[in-house]
Amino acid sequence: MDAKLKGKTVLITGAARGIGRATAIAFAAEGANLALADIDKAELEMVAGEAAAYGVKVGLGIADLSTGPGVAAGIDDALKPFAGDVDVLVNNVGSGYVRTFDQLTDDDWEATFQLNFMAGVRACRKVLPRMREKKRGVIVNNTSDLGRQPEAVPIDYSSLKSALIAFTKGLARAEGPHIRVNAVAPGPVWTPFWTKPGGFADTFAAFHNMPAQQAVEHELKLRQMPLARLGTPEEVANVIVFMASDLASFVTSAVWGVDGGTIRNIT
């Protein structure tokens, strides 16, 4: 089946690691050109090199995507090789830590809000004028299973991912019929989000008072995950590519779970 992505320009935020990196490589394999934005210059350049091996054009934007000026500058730089044109936006940037409600300060809530919600809002605001002008485009927001089925921790991350899902559905209604807006909602996926120092694995270890790997396995048992394992970034990337392609041309306002079965509701 032809996904018809060859020659399209795909903008990905948070593209240096994890799901963002895997998504960039998956689109490159389909022949799509890439505009990649992230704060990590070294890692982003490595991803660009891997993607360029597929013969596609790659633009880079190095910026702090937790700020308005950072999002604007990062996207402008990444899209320079394409004269600002964009066909697909993947809002992937995000991060979180395991903290109880009582541990969270106003500054913690604000930081989570800026990176996990406003970065996506600002990126949409940046690309929508060009998509509206062309009367076509696709936006895919990376949310979380925790946005659909919140846990006690991390409550700030869950709350803002829920907000991103609501934003996805509202924007899909506002921008139809020419622009499709969807979301993926990954469950636990073995990425630097989990494995980095101070990431989810370390913070779950502290929260459950057990070694990191044991703490992660314990958390999955608590969530009663049917597949009983962490997913891979590539498994999420495959769904993002599908949702961005013409193979999903009748799909909008959808939230696609890539979660190993953690979500138990039927809606």
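First, a word on scope: everything that follows refers to the structure included in this document. Starting afresh in each chain, residues are numbered from 1 along the sequence in its written order. A pLDDT threshold of at least 70 governs which residues receive local features in this predicted model, and a stricter bar of 80 or more applies before side-chain atom pairs are shown or counted, although totals over entire chains, interfaces and linings include all residues. Processing note: side-chain calculations cover all non-hydrogen atoms of the structure and skip hydrogens and water entirely.

Side note on the sheet that holds strand E2 (residues 33-38)
And step 1. Pairing in this open sheet of 7 strands is parallel, and the strands run E3-E2-E1-E4-E5-E6-E7 from one edge to the other. At either margin of the open sheet sits one strand with a lone partner, and together these are strand E3 (58-62) and strand E7 (255-258). For this sheet the average axis-to-axis angle between neighbouring strands, irrespective of direction, equals 15 degrees.
And step 2. When DSSP locates at least two bridges between a pair of strands, those strands are taken to pair. Runs of E in the DSSP output that reach at least two residues are strands. Runs of H or I that reach at least four are helices, and both are numbered from the N terminus. The sheet contact formed by strand E4 (residues 88-91) and strand E5 (residues 137-142) spans 4 bridges and is parallel. By the bridge assignment for E5, Leu89 is matched with Ile139.
And step 3. We call two residues in contact when some of their heavy atoms are within 4.5 Å. Axis definition: a line fit to C-alpha positions, over the contact stretch in the case of helices; interaxial angles, taken between N-to-C directions, run 0 to 180 degrees. With respect to the sheet, helix H2 (residues 41-52) is in contact with E2 and E3, its orientation differing from that of E3 by roughly 170 degrees.

A closer look at the environment of Asp156
And step 1. By secondary structure assignment, the location of Asp156 is in helix H6 (residues 155-175).
And step 2. By relative accessible area, Asp156 is classed as buried at 1%.
And step 3. Excluding residues within four positions of it along the chain, Asp156 makes contact with Tyr97, Arg99, Leu104, Asp108, Trp109 and Thr112. Only protein chains enter the accessibility calculation, which uses a 1.4 Å probe. A residue is then buried if its area is under 20% of the maximum for its type, exposed if over 50%, and partly exposed in between.

Description of the packing of aromatic side chains
And step 1. Pairing of aromatic rings covers Phe, Tyr and Trp, the last through its six-membered ring, and needs centres within 6.5 Å; plane angles under 30 degrees mean stacked, over 60 mean edge-to-face, and all others mean tilted. Per the stated rule, a full pass over the model turns up 3 aromatic pairs.
And step 2. Put simply, the rings of Phe113, Phe117 and Phe167 pair up and form one aromatic cluster.

Details of the pairing of strand E6 (residues 179-186)
And step 1. Burial runs high along E6: 8 of the 8 residues are buried.
And step 2. Bridge count between E5 and E6: 6 bridges; the pairing is parallel. Looking at the pairing, Ile139 lines up with Val181 of E6.
And step 3. Pairing geometry for E6 and E7, over 4 bridges, is parallel. When the sheet's bridge partners are listed, Ala185 is paired in E7 with Gly257.

With respect to helix H1 (residues 18-29)
And step 1. Here the expected span of a helix is defined as 1.5 Å times the quantity of residues minus one. Over its 12 residues, H1 runs 17 Å from end to end, which matches the ideal 16 Å to within 8%, given 1.5 Å per residue.
And step 2. Counting buried residues in H1 gives 10 out of 12 residues, a clear majority hidden from the surface.

What about the pairing of E5?
And step 1. Taken across its 6 residues, E5 has 6 buried, putting it largely inside the fold.
And step 2. Here E5 shows no split at all, with Gly137, Ile139 and Asn141 on one side and Val138, Val140 and Asn142 on the other all buried.
And step 3. A right-handed crossover is one whose linking path, passing over the helix from the first strand to the second, runs clockwise when the strands point away from the viewer. Since E4 and E5 lie parallel, the crossover through helix H4 (residues 106-134) that links them has a hand, and here it is right-handed.

Details of the packing of helix H8 (residues 200-208) against helix H9 (residues 212-222)
And step 1. Between H8 and H9, the least distance of the axes is 8 Å, while the angle of their chain directions is 80 degrees. With respect to their mutual orientation, H8 and H9 come out roughly perpendicular. Facing H8, whose interface residues are Ala201, Asp202, Phe204, Ala205 and His208, H9 presents Ala212, Ala215, Val216, His218, Glu219 and Leu222.
And step 2. In the contact of H8 with H9, the residues fall into 7 nonpolar, 2 polar and 2 charged. Any angle that falls under 35 degrees is termed roughly parallel, while one over 145 is termed roughly antiparallel, one within 65 to 115 roughly perpendicular, and all others oblique. Amino acid classes used here: Ala, Val, Leu, Ile, Met, Phe, Trp, Tyr, Cys and Pro are nonpolar; Asp, Glu, Lys and Arg are charged; the rest, including Gly, are polar.

Considerations on the packing of helix H3 (residues 68-79) against H4
When two helices pack together, you describe them by how their axes are tilted relative to each other and by the distance separating the axes.
And step 1. Where H3 meets H4, the axes come as close as 10 Å, and the angle between the chain directions of the two elements is 45 degrees. As summarised for this structure, H3 and H4 are arranged oblique, according to the angle between their axes. Of the two elements, H3 crosses H4, and the hand of that crossing is right-handed. Residues Gly68, Val71, Ala72, Ile75 and Asp76 of H3 touch H4, and the partners they reach there are Ala119, Arg122, Ala123 and Lys126.
And step 2. Looking at the contact of H3 with H4, its residues break down into 5 nonpolar, 1 polar and 3 charged. The crossing is said to be left-handed when, going from far helix to near helix, the turn is anticlockwise and less than a right angle, and right-handed when the turn is clockwise.

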